[in-house]
Structures are given as structure tokens and as C-alpha cells.
Amino acid sequence: MTRALVFCAALLFCPTARADSVAMRSPLPGRGLVVELGFPATEIGFWFTGWIGLAVHARLPFSAIGTEIALRRTFAGDPKSGFGLEGLIAFGLDLPLVSPGFVATATGSLAGRFFAPSWFLQIAATTPAAFRLTDPTEARIPILAEVWVGGRAQAMWIGVHLAGGVTLVPPQRPSPAMQLGLAMGLEL
């Protein structure tokens, strides 16, 4: 039991991406507002259409702020009901507040999802990479598997998000990574 608690604590406080398009990866199928209240990042975003969106985020405990542009495409299925397969790419800039500098971000994600009339489930593989461009230069490349599950009521939904995997920070050894949060969306 003690080992399990130590492992969970290590997952919660391990290095993760400095910036992440987590709300933009949420399962909102069309135009609308998305919010992720979570750890290590909190984000608010808006999908202008079903394929392009913009978001701002803060890394907790308020150690960085940033923004990103996200693009997504549905490869298979109906984006609003039943099974579907979707890809997302996002690019952005992050400003660390603890050690000032600039960080470029790039995220790639592939998600399979199911929308029922009153609930949804999304499973995805994602890589929210961050590259510090100022001294000290650094690359953080998390490789995550994530699950989104929740309920829907017409154009609004609320759910939970859980992601886990590893973070690569060359030349260091890989370390565990974890994200969790409460997500909300309102399709407009």
C-alpha cells in the first residue's frame, strides 16, 4: 500500500509539459467554448469552427502562461454522434514566470471517441511537446494516453480527464507524467 501511495505521489509531482493544449483536445465536436480545470494546467479555449481554435492556459501553481492555435480533423465517423476518429495539432508560445524565457509548443493527438445522446467517451494518444528557446535550452516531450468521460445535455457537457505516460527530457532518464482535470464544454 505504501509503495502505491509513493508511486501516485511521484506521478502527481513529476515533470510534465510546460504548456499543453489540454482543453482543445477535449471532445467538443463543433464550434464552442471549452474549459479544463486541472493539474498541471488550467485552460480556456474557443473553437471558431469545427476545425480551428484558440486557447490560453496557465500552468499551476502559476509558473507559466501561454496560448496556442489548434487545428483538428475528423478522419472517420460523424463528429457529433456515434464512433469517430479525430486528429489534432496545436502550436503555441509559453512564457515561464519562474525563470523568464520563451517556450515553443507543439502538440499532436489522435483520438477515438463515442458520443451517445447522454454520455461520451474519448480515448487518445497525445504528445504535448515543449521546447525552451532561451537559456537554459530544454526539450520536454511527454507521451501520454488519455481518457475523457462524462455526460451530455444537448449542447453542454461536463466530464473528467485523466492522462498518464512518460516525459522525455534529454539527456535525463524518462520520468512518469500525469494530468487530471474537470472539463466542460458548450457548443454554440
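Residues numbered from 1 in each chain as written. Predicted model: local features only at pLDDT ≥ 70, side-chain atom pairs only at ≥ 80, totals over all residues. Heavy atoms only, no water.

*Asks:* What am I meant to see in the overall build of the protein chain here?
*Replies:* Across its full length, the protein chain holds one helix and 10 strands. When the elements of the protein chain are put in sequence order from the N terminus, they spell out α-β-β-β-β-β-β-β-β-β-β. The burial tally for the protein chain puts 44% of its 188 residues in the buried class. Intrachain contacts of the protein chain at a sequence separation of at least 6 include 50% that bridge at least 24 residues. Surface accessibility of the protein chain: about 9,300 Å² in total, with carbon and sulfur atoms responsible for 76%. (Helix = DSSP H or I, 4+ residues; strand = E, 2+ residues; numbered from the N terminus. Buried < 20%, exposed > 50% of the residue type's maximum accessible area, 1.4 Å probe, protein only. Contact = heavy atoms within 4.5 Å. Areas by Shrake-Rupley, 256 points an atom, 1.4 Å probe, with all protein chains shown as cover.)

*Asks:* Just checking my understanding: could you explain the sheet that holds strand β7 (residues 119–132) for this structure?
*Replies:* Within a sheet, each strand pairs with its neighbour through backbone hydrogen bonds, oriented either parallel or antiparallel. What the 10 strands build is a closed barrel, ordered β1-β2-β3-β4-β5-β6-β7-β8-β9-β10; its pairing is antiparallel. Each neighbouring strand pair of the sheet contributes to a mean axis angle of 20°, computed without reference to strand direction. Bridging between strand β8 (residues 138–153) and strand β9 (residues 156–168) involves 13 bridges; their strand directions are antiparallel. From the neighbouring strand, E146 faces β9, where its bridge partner is A163. (Pairing = 2+ DSSP bridges. Axes fitted to C-alpha atoms, helices over the stretch in contact; angles between N-to-C directions.)

*Asks:* Would you mind going over the pairing of strand β3 (residues 52–59) with me for this structure?
*Replies:* Each regular strand displays side chains that alternate between the two surfaces of the sheet. Where strand β2 (residues 41–47) lies against β3, seven bridges are found, and the strand directions are antiparallel. Paired with E43 across the strands is H57, a residue of β3. Counted along the chain from β2 to the antiparallel partner β3, the turn is four residues long. For β3 and strand β4 (residues 64–78), the ladder comprises eight bridges, and the chain directions are antiparallel. Within the sheet, the bridge partner assigned to R59 lies in β4 and is A64.

*Asks:* Just to check I follow, could you spell out the pattern of salt bridges for this structure?
*Replies:* Side chains bearing opposite charge may pair, as long as their charged atoms lie close to each other. The full count for this structure, using the stated rule, is three salt bridges. Among the salt bridges present, the one from R25 reaches E146, with a minimum N-O distance of 2.9 Å. With R25 in the loop between α1 (2–12) and β1 (32–39) and E146 in strand β8, the pair connects residues that are 121 residues apart, well separated along the chain. You'll find R25 and E146 in the same group, each marked buried. Between R140 and E138 there is a salt bridge, with its nearest N and O atoms 3.0 Å apart. For R140, a relative accessible area of 14% translates into the label buried. (Salt bridge = Lys/Arg side-chain N within 4 Å of Asp/Glu carboxyl O.)

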